Amino acid sequence: MAVKVRKINVTVKSLDSGALKADVIALSLFKDTKVLPKAYRAMDNLSGGMLSQLIQTGDFKADANKVQVLYPVGMKGVSRIILVGLGAMAEVTADTYRQAAGAAIRGALELSAGTVVLDLCRISSAKSDLESCGCAIAQGAVSGGYDYEDYLPAARRGKVTSLKVTIAVSDAVEARQFSKGARVGASMAEGQTLARVLANTPGNEINPPLLAARARKIASQSGLKCTIYNDKQLTQMGMNAILAVGQGSINKPRLIRLEYRGAKHAGVDVAIIGKAITFDSGGISIKPSQDMDTMKYDKSGGCAVIGIMAAAAQLKLPLNLVGLIPSAENMPGGGSYRPGDIIRSYSGKTIEVLNTDAEGRLIMSDALAFGAAMKPKAILDIATLTGAVVVALGAHHAGLFGNDDRLIGKIKAASERAGEPMWPMPSGAAYLEQMTSKMADLINTGGRSGGCCTAAAFLKEFVGKSSWAHIDIAGVADTTEAKPWRGRGATGYAVRTVLEYLRSGL
């Protein structure tokens, strides 16, 4: 099925707000604003004092991401004004502007606007990092413009297929700095949107061979090298853990390898590995039927890797990257792997299966060992790995694990810049003890106690001496509730964080 994604074109211009021409202009206000900002006085005069009157009456509270539409009478060039709240001035961050931009874009789309001016940052006195602000606003605009509507009838889809977005700044100096950030932010958000599109696609439209075909096409469009290992090749390679998980399905497993070379040296700087279970029934240890439909999102980690690699190529990062996406469909059937099976993984370690629904760590074990053999400077993995991380952190933070405090610190810092919160969690020898088998090297589940920590300890056994970080996105990869700045469905979580990390230097 051909997927249609609304095109969001972002530019930056130094503009006189009083002379703007657009279907919608979005203005921002702080919660504690008592006097109309100087930057909006020309607009206020043209609108007959509508803005200053609104502030005086206190009718718009300007809480974060609150939106109000105004219809200025007699104002040429602008038919609607969208006010977006930024919350308290003292609490403003780059993510405040990212979300405000998304909320403004979504408000404009509801009005079927084709052109939008985002005048969100000129009221701020914080001029220290205009590039970061431009990056955040562009990210919010592009991300806010995506909705999962691929299967809706035409009457229920948004009418706007493309949106021209202009970020307004005060002068030419600001425009140059904002433009640099906006170009980066738009590319990062486009990678995130790509991950969301793939993750949102249901299991009947994407299985491992079809995901591999999509990855190959994206690689060709992005200038990436793509290698697909099919089930016969995986057998020859000894990728028995990936094969075991997928052996109950008629859609056989694949290992997708994407390569980007942006540095002159021969080695791999970072290997990025993502879990892609295209549908997870739980296998023989079948899941309850309630909410099983959401198990199409069990490929979100692998989809994130595809988005990261495509964006890295667009950004021309000066690094050599390898993306590995192990993909299988975990289904019950006559050929399914069973509780009690012992698998000899790619690394040579043996794994006793206690629960076929702890399948993600199995496919990741083979891919991690394969990546570690390339001797990268760092390994990052992204996976909807455990329900336990949802119990621990809810839907507000991803879990962050690893064997290198410096790497974990850099990933956490990148997540804060990216507006994708992550929380460092423990995982060490004590948790590994819970994963020790009496019949093999490891068991694939250590029980309910510390489940996300024991799963991370399991993964650590396959990275060797590599510097490694694991991001468990099970609680944040998808949402049933739309936010003011983002639609429901897949979130593309971790795409921006990993790109921020890669951009910041290893």
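Above this text you will find the structure in question.
Rules and cut-offs
Residues numbered from 1 in each chain as written. Predicted model: local features only at pLDDT ≥ 70, side-chain atom pairs only at ≥ 80, totals over all residues. Heavy atoms only, no water. Helix = DSSP H or I, 4+ residues; strand = E, 2+ residues; numbered from the N terminus. Rg over C-alpha atoms; globule rule 2.2 N^0.38 Å. Buried < 20%, exposed > 50% of the residue type's maximum accessible area, 1.4 Å probe, protein only. Contact = heavy atoms within 4.5 Å. Salt bridge = Lys/Arg side-chain N within 4 Å of Asp/Glu carboxyl O. Axes fitted to C-alpha atoms, helices over the stretch in contact; angles between N-to-C directions. Parallel < 35°, antiparallel > 145°, perpendicular 65-115°, else oblique. Left-handed = near helix turned anticlockwise from the far one by under 90°. Nonpolar A, V, L, I, M, F, W, Y, C, P; charged D, E, K, R; others polar. Core = buried A, V, L, I, M, F, W, Y, C linked by side-chain atoms within 4.5 Å. Phe/Tyr/Trp six-rings, centres within 6.5 Å; stacked < 30°, edge-to-face > 60°. Expected span 1.5 Å × (residues − 1). Arc of directions from axis to C-beta. Polar contact = N/O pair within 3.5 Å; in protein donor to acceptor, adjacent residues only side chain to side chain.

Concerning the overall build of the protein chain
Turning to step 1, where the next piece is worked out: Along the backbone of the protein chain there are 15 helices and 20 strands.
Turning to step 2, where the next piece is worked out: Relative to the globule expectation of 23 Å for 506 residues, the C-alpha radius of gyration of the protein chain, 24 Å, shows essentially globular dimensions.
Turning to step 3, where the next piece is worked out: When the backbone C-alpha atoms are referred to their principal axes, the protein chain occupies close to 80 × 45 × 40 Å.
Turning to step 4, where the next piece is worked out: Residues counted as buried form 58% of the 506 residues belonging to the protein chain.
Turning to step 5, where the next piece is worked out: Nonlocal contacts in the protein chain, meaning residues at least 24 apart in sequence, comprise 77% of its contacts between residues at least 6 apart.

Quick look at the pattern of salt bridges
Turning to step 1, where the next piece is worked out: Following the criterion strictly, the structure yields 18 salt bridges and no others.
Turning to step 2, where the next piece is worked out: Put simply, E149 and R6 hold a salt bridge, and the shortest N to O gap is 3.8 Å. Residue E149 is found in the loop between α4 (130-144) and β6 (162-169), and its partner R6 is found in the segment before β1 (7-14); the two are separated by 143 residues along the sequence. The exposure classification of E149 matches that of R6, with both residues buried.
Turning to step 3, where the next piece is worked out: Between D147 and R106 there is a salt bridge; the shortest N-O distance is 2.7 Å.

Describing the packing of helix α5 (residues 172-200) against helix α15 (residues 495-504)
Turning to step 1, where the next piece is worked out: Between α5 and α15, the least distance of the axes is 9 Å, while the angle of their chain directions is 140°. As far as their axial angle goes, α15 and α5 are oblique. Crossing of α5 against α15: the hand is right-handed. Seen from α5, the contacting residues are V184, M188, G191, Q192 and A195; seen from α15, they are V495, R496, L499, E500 and R503.
Turning to step 2, where the next piece is worked out: Within the contact of α5 with α15, the residues separate by chemical class into 5 nonpolar, 2 polar and 3 charged.

Describing the nonpolar core
Turning to step 1, where the next piece is worked out: I382 and L502 are the most contacted members of the largest nonpolar core, which totals 60 residues.
Turning to step 2, where the next piece is worked out: The element that contributes the greatest number of residues to this core is helix α9 (residues 300-315), accounting for 11 residues.
Turning to step 3, where the next piece is worked out: Counting 57 residues, the second-largest nonpolar core is a separate cluster that includes F60, L130, L163 and A182.

Focus on unusual backbone geometry
Turning to step 1, where the next piece is worked out: Located in the positive-phi region is A62, a residue other than glycine, with phi close to 65°.
Turning to step 2, where the next piece is worked out: Along the chain, the position of A62 falls in the loop between α2 (50-57) and β3 (67-70).
Turning to step 3, where the next piece is worked out: A relative accessible area of 2% means that A62 is categorised as buried.
Turning to step 4, where the next piece is worked out: At A494, a residue that is not glycine, the phi angle is positive and equals roughly 90°.

Concerning the packing of aromatic side chains
Turning to step 1, where the next piece is worked out: For the coordinates displayed, the defined rule picks out 4 aromatic pairs.
Turning to step 2, where the next piece is worked out: Both rings, one in Y148 and one in Y151, keep their centres 6.2 Å apart while their planes meet at 70°; by these two values the pair is edge-to-face.
Turning to step 3, where the next piece is worked out: With relative accessibility at 40%, the residue Y151 sits in the partly exposed group.
Turning to step 4, where the next piece is worked out: Arranged with centres 5.3 Å apart and planes meeting at 45°, the rings of F458 and F462 form a pair that is tilted. F462 matches F458 in its accessibility class, with the two residues each being buried.
Turning to step 5, where the next piece is worked out: Every member of this aromatic cluster is reached through a ring pair, and the members are Y229, Y346 and F370.

Considerations on helix α6 (residues 208-222)
Given 3.6 residues per helical turn, the α-helix brings residues three or four places apart onto the same face.
Turning to step 1, where the next piece is worked out: Between its first and last C-alpha, α6 extends 21 Å over 15 residues, near the 21 Å set by a 1.5 Å rise per residue.
Turning to step 2, where the next piece is worked out: Listed in full, the buried residues belonging to α6 are P208, L211, A212, A215, I218 and A219. Within α6, the buried residues cover an arc of 125° as seen down the axis, which keeps them to one side. Of the exposed residues in α6, those oriented more than 90 degrees away from the buried face are K217, S220 and Q221.

Notes on the side chain of R254
Turning to step 1, where the next piece is worked out: The topology assignment puts R254 in strand β8 (residues 254-261).
Turning to step 2, where the next piece is worked out: A polar side-chain atom of R254 sits 3.5 Å from the main-chain carbonyl oxygen of K252.
Turning to step 3, where the next piece is worked out: Look past the residues within four positions of R254 in its chain and what remains in contact with it is P208, P209, A212, I228, Y229, N230, D231, L234, I325, P326 and S327.

Here we look at the packing of α9 against α15
Turning to step 1, where the next piece is worked out: Where α9 contacts α15, the axes come no closer than 9 Å and their chain directions differ by 40°. If you check the angle between α9 and α15, you find them oblique. You can see that α9 and α15 cross each other, and the crossing is right-handed. The segment α9 lies against α15, with A304, I308, A311, A312 and L315 engaging V495, V498, L499, L502 and R503.
Turning to step 2, where the next piece is worked out: Of the residues that constitute the contact of α9 with α15, the class distribution is 9 nonpolar, no polar and 1 charged.

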